[in-house]
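Examination of the molecular architecture
Now for the letters of each chain:
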Amino acid sequence: MADMLADLPSPEAATLMRQVGPLVAKELQALIEQHEAWRKAKAQPGAVVSDSSAEPRTPDEALQRLESLLEHWCEEGPEAAHAVVELLLASDNQLCRTIVERNTGAIPAIRETALARAVLSSAWRRSTDRWPDWLGMLDPRSSIDDMTEEFDKLLGALWERASKRDDAPEPEVVSRAADSLTRLFDNQPPDRCPHITPFVLPSLSRPSTDEEAAEQLRLLGVLQPLESGGLVKRRDFVSHQAAALTELLADGNDLVVSHDTAILAYVESLLNDCLRDVDSPGSPPLSADAARALVNAIDNSGWIPELEHTRLRVRARHLLLTGGIDRRGLQALPSAAEMATHARSRSDRVGETLAAWIALEGPSVSELYTAVSAGLRHQSPLQTDTTLLQAVASRLADLPAQDQAGFWTDLLGGPGTHLPEQTLTAAGWPSLSDAFTAELLIDRYTRASRNPDRRVVLDLWKVADVTSPAARRDLIQQILLPMLEVNQGAAEYAILYLPQLMQSVPKGMGKAVREAVEASGTKWSSLAQRGTKALKAVGYSTERTGLLKLRERITRSNDD
């Protein structure tokens, strides 16, 4: 029969196969079941098979002929190929599904509803990592109206498998399975697309212990690739989570918590889930009033430890700000002094909290200084916290130049204060106007009495982006030149930094700088050669002197 079918045109072969298919599928299923029953009986301990002829006919030859027929029609005609797939799946057994699975890449796209339903019904029985192969056979333009039951079965199975504690598929496998499902919904209106939310929500409940909270966090992690794949209905999910969080915030007084408890991690996770996309166009998953109500619930929860409470209150409002929701009706945030206390009390995530507070409050320059100065001036993680430093720089950029100068004067003005270069750069020190920068540095230099303090002034100058000729001349005249005369150690620093600070010779300063450097080399002979090298680095030309022209010196042609 297989040979005859192969010789027919595809439409005729398909018609014939559909006529005999139900009978062939039934006989094939019986053949496979009989042989499988015999094989299992033979494998039983103590089983005795007296006559090998008792073995029923094996289905191997029939399966091989069907697979060859499928391969032939995959190349020759889709109608007949689909008829073979329909026959194999109608047999409803693992061996036939394996044949289809081996050929999924070659089977023409399926649009016919009955066969598509058979494919979906077969796919959920297979390993999750093979779902993309099965679902890839279906044409996305197919109607899904008559396949709700099959899709629900797949979605339920996917969540059941993904959420298992043991032997769950890898997140990448779950993500690919989700993508293969959502691909089929591309041409469907959003409100008609099947989603996994009804199968997920019964698993998500308000925890009452740390262990339960840890399990809920695990499930939320499992859900991420499914949500990313578009299988979660955000409105239903957020509504459920907001209700669970509000209930926990109101009734959690009997909980025993610390700053690193799973309960608090769960609260923050739900807070992010509920408020992170309140600015969605159209109809957001949570209304503005509902979002503010959730933040009020955070404010009024009396069982969260104070330090975490402050951080969560700031975090919640920052999510509102990001979503474009005003803070009407909400309590005031902590003051700058209270935020400074918060920063001193915690070492983790403080930078993120302070940065969010700055964005929310738009503090005055004095408030900004109060909130962040201790963290920036003393060795702490805040000195390298990019999020906080960018927030400081952004706020300073919005303030008048005089206020910016006041902030940096208070932060850097005192001798002994030394901030890392990356801290200064990220927080906006190079953006201060040249005139204010020069004034601050000159003032600090005049109050420096030790060489280490003088060197810090040079470090600040090096990081500052001073380009104004007038400011550069003032800095050279009132800092660099005096340092060349103070003592040998100060002169060494001045010569060391000179190429980085001058970069080029400001007009009118050529002679003064040359004479000061040469004078330091005369007074301290070990500095003579280093001084000449430093001047050459900023553009001074040299000449050879002496009887044998062995001595190099700066030419007087550099004087202006």
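Below is a summary of the structure that appears in this document. The structure displayed is predicted, hence computed values, not measured ones.

1. Here we look at the overall build of the protein
Of the regular secondary structure elements, the protein holds 27 helices and 2 strands. Computed over C-alpha atoms, the radius of gyration of the protein comes to 38 Å, more than 25% over the 24 Å expected from 2.2 N^0.38 for 560 residues, which places it beyond the range of a compact globule. Along the three orthogonal principal directions, the C-alpha set of the protein runs to about 115 × 75 × 55 Å. The buried share of the protein, reckoned over its 560 residues, is 47%. The contacts in the protein between residues at least 6 apart in sequence include a share of 70% that link residues at least 24 apart. With an accessible surface of roughly 27,000 Å², the protein has 48% of that area assigned to carbon and sulfur atoms. Computed over 60 positive and 79 negative side-chain charges, the inter-centroid distance for the protein is 10 Å.

2. Topic: the side chain of Glu101
Looking at the secondary structure, you find Glu101 in helix H5 (residues 94–102). Contacts of Glu101, omitting those with residues within four sequence positions, involve Arg126, Arg130 and Trp134.

3. Describing helix H19 (residues 386–397)
The end-to-end C-alpha separation of H19 is 16 Å, in line with the 16 Å expected for 12 residues at 1.5 Å each. For H19, the full list of buried residues reads Leu388, Leu389, Ala391, Val392, Arg395 and Leu396. All buried residues of H19 project into a common sector of 160° when viewed along the axis, lining one side. Tucked inside the fold, the buried residues of H19 contact helix H17 (350–361), helix H18 (365–377), helix H20 (401–412) and helix H21 (421–427). Capping the start of H19 is the job of one residue whose side-chain oxygen sits 3.2 Å from the backbone nitrogen of Thr387: Asp385.

4. Quick notes on the packing of aromatic side chains
Aromatic rings in a pair are described by how distant their centres are and how their planes are angled relative to each other. In this structure the tally under the stated criterion is 4 aromatic pairs. Ring centres 5.3 Å apart and planes at 85° place the aromatic pair Phe407 and Trp408 in the edge-to-face group. Taking the relative accessible area as the measure of exposure, Phe407 reaches 0% and is therefore buried. For Trp408, a relative accessible area of 1% corresponds to the buried category. With 5.5 Å between their ring centres and 65° between their planes, Trp408 and Trp429 make a pair best called edge-to-face. You can see Trp408 sitting in helix H20 and its partner Trp429 sitting in the loop between H21 and helix H22 (434–446), a full 21 residues away along the chain. The pair Trp408 / Trp429 is uniform in exposure class, with both members buried.

5. Concerning the pattern of salt bridges
Under the definition given, this model contains 32 salt bridges. When the shortest N-O distance is used, the salt bridge between Asp326 and Arg292 registers 3.3 Å. On the criterion of sequence distance, the pair formed by Asp326 in the loop between helix H15 (306–322) and helix H16 (336–345) and Arg292 in helix H14 (residues 288–300) is long-range, its members being 34 residues apart. Looking at Asp326, the relative accessible area reads 40%, which means it is partly exposed. Residue class for Arg292 comes out buried when judged on its relative accessible area of 6%. With its nearest N and O atoms 3.8 Å apart, the salt bridge here joins Arg514 to Glu515. For Arg514, a relative accessible area of 4% translates into the label buried. We classify Glu515 as partly exposed; its relative accessible area is 37%. What you see here is one network of salt bridges that share partners, running through Glu227, Arg234, Asp273, Arg276 and Asp277.

6. Some remarks on the nonpolar core
With 90 residues, the main nonpolar core has Leu275 and Trp303 as its most contacted residues. The dominant element in this core, judged by the number of residues it contributes, is helix H13 (residues 262–275), at 9 residues. Not counting residues within four places of it along the chain, the set of residues in contact with Trp303 comprises Leu248, Leu249, Gly252, Asn253, Leu255, Val257, Ile263, Leu264 and Val267. Formed by 75 residues, the second largest nonpolar core is a distinct cluster that contains Val314, Leu376, Phe407 and Ile479.

7. What to know about unusual backbone geometry
With a phi angle near 60°, Asp167 is a residue other than glycine that sits in the positive phi range. Summarising the element assignment, Asp167 is placed in the loop between helix H8 (148–162) and helix H9 (171–182). A positive phi angle, close to 60°, is found at Gln503, a residue other than glycine. Secondary-structure assignment places Gln503 in the loop between helix H25 (488–502) and helix H26 (510–523).

8. Side note on the environment of Arg165
Inspection of the secondary structure puts Arg165 in the loop between H8 and H9. By relative accessible area, which is 61% here, Arg165 ends up exposed. With 54 residues separating them along the chain, Arg165 and Leu219 place their C-alpha atoms 9.4 Å apart. A distance of 2.5 Å separates polar atoms of two side chains, one belonging to Arg165 and the other to Glu215.

So, how was this worked out
Residues numbered from 1 in each chain as written. Predicted model: local features only at pLDDT ≥ 70, side-chain atom pairs only at ≥ 80, totals over all residues. Heavy atoms only, no water. Helix = DSSP H or I, 4+ residues; strand = E, 2+ residues; numbered from the N terminus. Rg over C-alpha atoms; globule rule 2.2 N^0.38 Å. Buried < 20%, exposed > 50% of the residue type's maximum accessible area, 1.4 Å probe, protein only. Contact = heavy atoms within 4.5 Å. Areas by Shrake-Rupley, 256 points an atom, 1.4 Å probe, with all protein chains shown as cover. Lys, Arg positive; Asp, Glu negative; His and termini not counted. Charge placed at Lys NZ, Arg CZ, Asp CG, Glu CD. Expected span 1.5 Å × (residues − 1). Arc of directions from axis to C-beta. Polar contact = N/O pair within 3.5 Å; in protein donor to acceptor, adjacent residues only side chain to side chain. Phe/Tyr/Trp six-rings, centres within 6.5 Å; stacked < 30°, edge-to-face > 60°. Salt bridge = Lys/Arg side-chain N within 4 Å of Asp/Glu carboxyl O. Core = buried A, V, L, I, M, F, W, Y, C linked by side-chain atoms within 4.5 Å.

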